[in-house]
Amino acid sequence: MHSIQRKPKISASRKLMLKSMMVAKAKEELEQEAVVKEEEKQNYLSERAPPLRTSGLSLAQLQDLCTELHVKIDVVDEERYDIEAKVMLNTREIKDLNIKVLDLRGKFKRPSLRRVRVSADAILRSLLGSKHKVSMDLRANLKSVKKEDTEKKRPVEDSDWRKNVEAMSGMEGRKKMFDAAKGPAQ
């Protein structure tokens, strides 16, 4: 079998051109997103903090305006602090959870398994629980064989196997024919 190398569907120069086009498009979208965010920020600030009109105000009115602004600044500063504290708490919690995930990934290594001899009783105890006292003797149901029976079955005569070659081989006299063909020279 010959391994045929396929030509890539897209040439290297085409890939490079496509990558550069993708990078240019992503850069353009990022710039557009930054412009949109800046516009949203300006709209929000114009709604929340209208421009100050200080012309034509007396000293007492200016002082009242300053105290109002200080109260508003304090309220906004408290909100900012609360939000900042929540963000820091969330980031700390995220960091702790990431550390836990990394610990869990690295901690549990598969142990190398060893062969362990366990009796059937121990297996049943582990499966059924310790309150189940099940005794399973696997050898109880085995057939008992006496040694005397096996000795009777063995042939009494342990004779030389070469004496009975024709009978064992099933050649039925071919050995005699072979010996006769050789002649009495032996």
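Residues numbered from 1 in each chain as written. Predicted model: local features only at pLDDT ≥ 70, side-chain atom pairs only at ≥ 80, totals over all residues. Heavy atoms only, no water.

Per an unreviewed UniProt entry, the protein chain goes by the name Troponin I type 1a (skeletal, slow) and belongs to Cyclopterus lumpus. Looking at the Function (unreviewed entry) heading of the UniProt record, one finds this comment for the protein chain: "Troponin I is the inhibitory subunit of troponin, the thin filament regulatory complex which confers calcium-sensitivity to striated muscle actomyosin ATPase activity." Quoted straight from UniProt, the Sequence similarities (unreviewed entry) entry for the protein chain says "Belongs to the troponin I family." (UniProt positions renumbered as here; feature names shortened; annotations may be inferred.)

Colleague: Give me the lowdown on the overall build of the protein chain, citing residues and values where you can.
Modeller: Across its full length, the protein chain carries six helices and zero strands. Element order for the protein chain, N to C, with α for helix and β for strand: α-α-α-α-α-α. Here the protein chain holds 186 residues, and 0% of them are scored as buried. (Helix = DSSP H or I, 4+ residues; strand = E, 2+ residues; numbered from the N terminus. Buried < 20%, exposed > 50% of the residue type's maximum accessible area, 1.4 Å probe, protein only.)

Colleague: Outline the pattern of salt bridges, listing residues and values.
Modeller: If the charged atoms of two oppositely charged side chains come close together, the side chains can form a pair. Under the counting rule described, the total for this entry stands at three salt bridges. The shortest N-O distance in the salt bridge between Glu 33 and Lys 37 comes to 4.0 Å. Taken together, the residues span about one helical turn, with Glu 33 and Lys 37 both in helix 1 (residues 12-48) at a distance of four residues. Since its relative accessible area comes to 45%, Glu 33 is described here as partly exposed. What makes Lys 37 exposed here is its relative accessible area of 54%. Its salt-bridge partner being Asp 77, residue Arg 80 comes within 2.8 Å of it at the nearest N-O pair. (Salt bridge = Lys/Arg side-chain N within 4 Å of Asp/Glu carboxyl O.)

Colleague: Describe a nonpolar patch on the surface, and please don't skip the residues or the numbers.
Modeller: A contiguous nonpolar surface patch, about 480 Å² in accessible area, is contributed by Val 116, Val 118, Ile 123, Leu 127 and Leu 128. As for its placement among the helices and strands, Val 116 is situated in the loop between helix 2 (59-107) and helix 3 (120-128). (Patch = residues over 30% accessible without salt bridge, like charges linked within 9 Å, V, L, I, M, F, W, Y side chains within 5 Å. Areas by Shrake-Rupley, 256 points an atom, 1.4 Å probe, with all protein chains shown as cover.)

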